[in-house]
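As a plain string of letters, each chain reads:
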Amino acid sequence: MFKEIIKLIEKHDSIVIFGHINPDGDCYGSQVALKRGLSLKYPNKKIYITGSGVKSFFDFLMPMDIVPDEVFKHSLAILVDGNDCSRMEDQRVNDCVAFCKIDHHVDTGTFVQGPSVVDETANSTCDVLTGIFIEGDYPVDKIVANALYLGIVTDSGRFQFVTNYAMTFDRAAFLCQNGANPKAINDILNSVNESSLISKGFVFTHYKKSKEGTLYIIFTKEDLRKIGISANQASGLVNSLSNVKGYPVWASFAEYEDGNVRVELRSNGPAVQPIAVKIGGGGHMYAAGAALAKLNITQVNQVIDMLDKAIIEWRKK
């Protein structure tokens, strides 16, 4: 199917690469790597990345583009790291004239606008792209290599959630051979400020636990104002509850100022992706997310009940 995507790329002189709502390292890394790689191969094409990206990496890789409205009306849209147009952060995606998708999430079948490459066994979209770059012999410079490595290392949870270690490390080695700098990337990822210490302290003193083994934290918007972080930053703290003995599932619920709630689900055994799908989200089998319309304790308890049932079924196996 990537040959079909290449045909679209070669047909269009203007290309916009879209990432999902609340972009992470894999989303941003995929956008940067694809823009840079395609720019090296097709220097006469105009290629843009749109969305908020991951600001801490702008100086190390590249910032996002400011794209005028009129550009979309004659551009190919490449969706990365998301199921369909509804998940894209920049909804001007709907103004584009052609579409394709590269992803690794469980395919919902909702993307019908064009060809797609989806590898549900891959750890990240950057993992998929690395394979494409290698097999297609596409240009890989230092920027491409670092962007792809960023996506692989973040979406695999620093190589914790890997389905094929041999292949993943082969690809990581290829990226390092082409200029990826794991230490520089880890230094940026590990950089903290005082507010992060305060927010982790909140998690460790306010988490709750279920009867069957789910640890979870609820951040109200009032909590977030006191701590001094955003709902997106709070959601990134979900792994503060990871790998606690006897608790194979952990979750966070963070309330935005408008009342919407970001849900993050993680596991080291029971499948959480089906539960995310049930509440309107998606993701990986052991790392998934969704959104709730408001912070409703009844709904939160329903999610925890579903997670507990998944734990019970997992323990029976």
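Right above here is the structure, for reference.
Nothing here was measured: the structure is a model prediction, and the numbers come from that model. (Residues numbered from 1 in each chain as written. Predicted model: local features only at pLDDT ≥ 70, side-chain atom pairs only at ≥ 80, totals over all residues. Heavy atoms only, no water.)

**Digging into the packing of helix α2 (residues 25-41) against helix α4 (residues 125-136)**
What counts here: Each axis is a line fitted through C-alpha atoms, and for a helix only the stretch in contact is used; angles between axes span 0 to 180 degrees, taken between their N-to-C directions. Numbering of helices and strands starts at the N terminus; helices are DSSP runs of H or I of at least 4 residues and strands are runs of E of at least 2. Oblique is the label for every angle not falling under 35 degrees (roughly parallel), over 145 degrees (roughly antiparallel), or within 65 to 115 degrees (roughly perpendicular). Residue contacts are counted whenever heavy atoms from the two residues lie within 4.5 Å of one another. Each residue gets one label: Ala, Val, Leu, Ile, Met, Phe, Trp, Tyr, Cys and Pro are nonpolar, Asp, Glu, Lys and Arg are charged, and the others, such as Gly, are polar.
Orientation of α2 relative to α4, taken along the N-to-C sense of each, is 25°, at an axis distance of 8 Å. In this view, α2 runs roughly parallel relative to α4, as classed from their interaxial angle. When α2 is examined against α4, the residues Asp26, Gly29, Ser30, Ala33, Leu34 and Gly37 are found in contact with a partner set consisting of Thr125, Cys126, Leu129 and Phe133. A class-by-class count of the residues in the contact of α2 with α4 yields 5 nonpolar, 4 polar and 1 charged.

**Concerning helix α1 (residues 2-11)**
Turn by turn, an α-helix covers 3.6 residues, leaving residues three or four places apart pointing in a common direction. Definition in use: Remark: exposure states derive from per-residue accessible area (1.4 Å probe, protein chains only) relative to the maximum for the residue type, with buried under 20%, exposed over 50%, and partly exposed in between. Throughout, the arc means that of the directions going from the helix axis to the C-beta atoms.
Buried within α1 are the following residues: Phe2, Ile5, Ile6, Leu8 and Ile9. What you see down the axis of α1 is that its buried residues fit within an arc of 160°, all on one side. Set apart from the buried face of α1 by more than 90 degrees, the exposed residues are Lys3, Lys7 and Lys11. Buried-residue contacts for α1 involve β1 (14-18), α2, β3 (76-80), β4 (98-103), β5 (116-118) and α4.

**What to know about unusual backbone geometry**
Of note, the phi angle at Asn22 is positive, near 50°, even though the residue is not glycine. With respect to the helices, strands and loops of the structure, Asn22 is situated in the loop between β1 and α2. Owing to a relative accessible area of 21%, Asn22 belongs among the partly exposed residues under this scheme.

**Considerations on the sheet that holds strand β2 (residues 46-50)**
Which entries qualify depends on this criterion: In this description, strands pair whenever DSSP reports at least two bridges between them.
What the 5 strands build is an open sheet, ordered β2-β1-β3-β4-β5; its pairing is parallel. Of all the strands in the sheet, the pair left with one neighbour each is β2 and β5. With direction set aside, neighbouring strand axes in the sheet form an average angle of 20°. Relative to β2, β1 is paired through 5 bridges, and the arrangement is parallel. Opposite Ile17, over in β2, you have Ile49 as the bridge partner. In the packing of α2 onto the sheet, contacts are made with β1, β2, β3 and β4, and the angle to β2 comes to roughly 175°.

**Points about the pattern of salt bridges**
The line we're drawing: Salt bridges, as used here, are contacts in which a Lys or Arg side-chain nitrogen is within 4 Å of a carboxyl oxygen on Asp or Glu.
Taken as a whole and assessed by the stated rule, the structure comprises 14 salt bridges. In this structure, Lys183 engages Asp187 in a salt bridge whose closest nitrogen and oxygen atoms are separated by 2.8 Å. Residue Lys183 and its partner Asp187 are located together in helix α7 (residues 182-190), separated by 4 residues, close to a single helical turn. Residue class for Lys183 comes out exposed when judged on its relative accessible area of 57%. You can call Asp187 partly exposed: its relative accessible area is 41%. Of the charged contacts in the structure, one is a salt bridge between Arg262 and Glu264, with a shortest N-O distance of 2.8 Å. Each of the two residues, Arg262 as well as Glu264, counts as buried.

**Quick look at empty space enclosed by the protein**
Definition in use: The rule is simple: put a 1 Å grid over the protein atoms alone, call a set of points where a 1.4 Å probe fits but cannot get out a cavity, call an open set with protein on both sides within 12 Å along at least five of seven lines a pocket, and count a residue as lining if it has an atom within 4 Å of a point. Grid points are joined across faces, edges and corners, and a volume is the space filled by probe spheres set on the points.
Under the criterion given, the structure shown has 1 cavity of 30 Å³ or more. By volume, the largest cavity is sized at about 70 Å³. The wall of the largest cavity is formed by Phe2, Ile6, Leu34, Gly37, Leu38, Lys41, Ile132, Phe133, Tyr138 and Pro139. At the level of secondary structure, the elements contributing two or more residues to the lining of the largest cavity comprise α1, α2 and α4. Top contributing element to the lining of the largest cavity by residue count: α2, with 4 residues. Residues of the lining of the largest cavity, tallied by class, amount to 8 nonpolar, 1 polar and 1 charged.

**Considering the layout of surface pockets**
Over the atoms rolls a probe the size of a water molecule, and its path tells where empty space is left. Considering only enclosed or pocket space, the second largest pocket measures out at about 360 Å³ in volume. Around the second largest pocket sit 18 residues that line it, and Phe161, Thr163, His284, Met285 and Tyr286 are the ones nearest its centre. When grouped by side-chain class, the residues that make up the lining of the second largest pocket number 7 nonpolar, 9 polar and 2 charged.

**Quick look at the packing of α4 against helix α5 (residues 142-155)**
Closest axis-to-axis distance for the α4/α5 pair is 8 Å, and the angle between their directions is 140°. Of the possible angle classes, the one that applies to α4 and α5 is oblique. For the pair α4 and α5, the contacting residues are Cys126, Asp127, Leu129, Thr130 and Phe133 in the first and Val144, Ala147, Leu148, Gly151 and Ile152 in the second.

The analysis is restricted to geometry; functional conclusions fall outside its scope.
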